[in-house]
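Understanding the architecture of this molecule
Read off the chains here:
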Amino acid sequence: MNQYIHRMAENSLETWFKSNKVLLLLGARQVGKTTLLKMFFNSKKTTYLNLDTEVDRQSFFRASPLDPNSAMISLGSPDILIIDEAQRYPEIGRIVKSWHDSEVKAKIILSGSSSLNLLDQSAESLTGRNIKLYLPPLTFSEIVSSQSWYKRYLGNNSLVGFSNQINSLLLSGLAFGSYPEVVTTPDKVLCLNNLVSDYLLKDVLQSGLVKTPELLRRLLSLLAHQNGAVVSVNELANSLNMSRVTVNHYLDLLEQTFVIFRLPAFSTNPRKEIAKNQKIFFWDTGIRNALIGELNASPLRSDIGKIWENWVIAEFAKRNLLEGGLNRLYYWRSRAGSEVDLVVKSITTGEIKAFEIKWSGGKATKAFSLKYKIQVNIINKENFTSVIV
């Protein structure tokens, strides 16, 4: 069994367990949802059903028409009922609602590798009855905390004297990403290639919402090559000979299945700042690199600046997701060409922080600071641990 890496999401599970809500756990395939649940609840009497498997589907279908108490008995009278790949069964929200409203003993978790159906169908039935938890790939902080030399009680003081180890973890993360199995396996290239070929698009293709899979793969390849650039949907449509509507549809699907995320432009004055276009980043740099066939961990690779920007912004995005989306993330660009890579705005306090992301050294633009009276901080490979870990 691979090493288990403790997750920030464990705190959210602890909070949920004290509530009387149904948990919706969402995240990409192979991101560690099942492992997290099984490890966290290993001391509880747990029934685990995976609706991707025929045996578990039949167990669920046999329980579904029964009254709630009989249904729980048929499922082994668990303390915790985990239903994985729950998006496979459109009626699951209605059934779980009836169990929840009958106050069955079991606490229920619906887990899914796609928000395509699970949110649309289940959340509606479970309005006011659910808590949502999103699980991204591992954060760098989680990876560092799992190292044998890291002492949790010392916090960031644990990093002192381990710069070589941190640099090695960073280069590995930039090249191969942070899916749990990729992090813990010695054969990272094989693992990543299998992940991309077997799992990455499985939910999108199974949904029946994509008529031309090859076009979707070409779109992904284009996005990987344009990583972190301002994306023009019109240009993508022309390059792929697709309609703008279809490109937007495919981008939505890739976002809903946790392959990419979009960074909108920050603007308080659209006349002087470019507010229409978005940047697109990958949740995992390893996935991006596998898509273009560039899986090497050299700091001298020609696209190191692109990967570094994606990696840093993805770290902010992952932490924000785990903390309940309390911040909005943007980039900023003026019509005069000045740019800030990342603007973070708190939705509770309105506080704004701004960052420029440079692989080494660098000076921050003055335009944003002059306009908003907010300091722009540099994040580079020398100082990133003070912000990321």
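Conventions we followed
- Residues numbered from 1 in each chain as written.
- Predicted model: local features only at pLDDT ≥ 70, side-chain atom pairs only at ≥ 80, totals over all residues.
- Heavy atoms only, no water.
- Helix = DSSP H or I, 4+ residues; strand = E, 2+ residues; numbered from the N terminus.
- Polar contact = N/O pair within 3.5 Å; in protein donor to acceptor, adjacent residues only side chain to side chain.
- Axes fitted to C-alpha atoms, helices over the stretch in contact; angles between N-to-C directions.
- Contact = heavy atoms within 4.5 Å.
- Nonpolar A, V, L, I, M, F, W, Y, C, P; charged D, E, K, R; others polar.
- Buried < 20%, exposed > 50% of the residue type's maximum accessible area, 1.4 Å probe, protein only.
- Pairing = 2+ DSSP bridges.

With respect to the helices and strands, R333 occurs in strand β9 (residues 327-333). Distance from R333 to A367, taken between C-alpha atoms, is 9.6 Å for residues 34 residues apart in sequence. There is a polar contact of 2.7 Å between the side chain of R333 and the side chain of E339.

Below, the discussion takes up the packing of helix α15 (residues 285-292) against helix α16 (residues 304-322). In the contact formed by α15 and α16, the axes pass within 10 Å of each other and the chain directions differ by 145°. Touching T285, R288 and N289 of α15 are K306, I307, N310 and W311, all from α16. Considered class by class, the residues forming the contact of α15 with α16 number two nonpolar, three polar and two charged.

Moving on: the side chain of T257. As for its position among the elements, T257 is in the loop between α14 (244-256) and β7 (260-264). A relative accessible area of 5% places T257 in the buried class. From its side chain, T257 meets the backbone oxygen of L254 in a polar contact 3.5 Å long.

The subject of this paragraph is the sheet that holds strand β6 (residues 230-231). Strand order across the open sheet formed by three strands is β6-β8-β7, with antiparallel pairing between neighbours. Looking at the sheet topology across the chains shown, the edges are occupied by β6 and β7.

Okay, unusual backbone geometry next. One non-glycine residue, S77, lies in the positive phi region at around 50°. Topologically, S77 is positioned in the loop between α4 (68-74) and β3 (80-84). Within the chain, E103 stands out as a residue other than glycine whose phi angle is a positive 55°. By relative accessible area, E103 is classed as exposed at 70%.

Here we take up the environment of K318. Within the fold, K318 resides in helix α16. The spatial distance from the C-alpha of K318 to the C-alpha of L135 is 8.2 Å, given a sequence separation of 183 residues. Every residue in contact with K318, bar those within four places of it in the chain, is listed here: P136, P137, L138, T139, S178 and W283. One polar contact links K318 to S178, side chain to side chain, over a distance of 3.1 Å.

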